[in-house]
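This is what each chain is made of:
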Amino acid sequence: MHLELMAKLLDTERKYRTKGKRIGIFDDLEKCFHTSSRTEAEAIQQAQDRYALKGAIASGDLHTVRQLTLNHAPSNNKPTTWGDAKFGKKS
């Protein structure tokens, strides 16, 4: 979770690096803190899944790669957009 936040913060900093006036950078940096929609457990699980997927790809284990990628395919009951994940689907 911290790695994801750090990446967002650094990306925001890079966007403002070449500007003469960095007006609005603090607001954009603040938004980075408020846009994290995942819990710590979800972030840890995603990091573990990525690590397992990289290992399976490196070893050529096609069955494990398929399992790990199909488990993350969107299903009908999962939110499809960031807004749905953050705020829930509206009826």
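Structure: see above.
Source: prediction; values computed, not measured.

Engineer: Would you take a moment to explain the packing of helix 1 (residues 2-17) against helix 2 (residues 25-34) for this structure?
Structural biologist: When two helices pack together, their arrangement is captured by the angle between the axes and the distance separating the axes. Where helix 1 contacts helix 2, the two axes come as close as 9 Å, and the packing angle between them is 160°. On the basis of the axis angle, helix 1 is roughly antiparallel to helix 2. Once helix 1 is placed against helix 2, the crossing between them reads as right-handed. Across from Leu5, Lys8, Leu9, Thr12, Glu13 and Tyr16 in helix 1, the residues of helix 2 making contact are Ile25, Asp28, Leu29, Cys32 and Phe33. Broken down by class, the residue content of the contact of helix 1 with helix 2 amounts to seven nonpolar, one polar and three charged.

Engineer: Mind showing me how you'd approach the pattern of salt bridges here?
Structural biologist: Side chains that differ in sign of charge can pair as their charged atoms come close. Following the criterion strictly, the structure yields three salt bridges and no others. Between Asp11 and Lys15 there is a salt bridge, with its nearest N and O atoms 3.9 Å apart. Here Lys15 and Asp11 lie together in helix 1, a separation of four residues that amounts to about one turn. Of the residues examined, Lys15 reaches a relative accessible area of 54% and is grouped as exposed.

About the criteria used
Residues numbered from 1 in each chain as written. Predicted model: local features only at pLDDT ≥ 70, side-chain atom pairs only at ≥ 80, totals over all residues. Heavy atoms only, no water. Axes fitted to C-alpha atoms, helices over the stretch in contact; angles between N-to-C directions. Helix = DSSP H or I, 4+ residues; strand = E, 2+ residues; numbered from the N terminus. Parallel < 35°, antiparallel > 145°, perpendicular 65-115°, else oblique. Left-handed = near helix turned anticlockwise from the far one by under 90°. Contact = heavy atoms within 4.5 Å. Nonpolar A, V, L, I, M, F, W, Y, C, P; charged D, E, K, R; others polar. Salt bridge = Lys/Arg side-chain N within 4 Å of Asp/Glu carboxyl O. Buried < 20%, exposed > 50% of the residue type's maximum accessible area, 1.4 Å probe, protein only.

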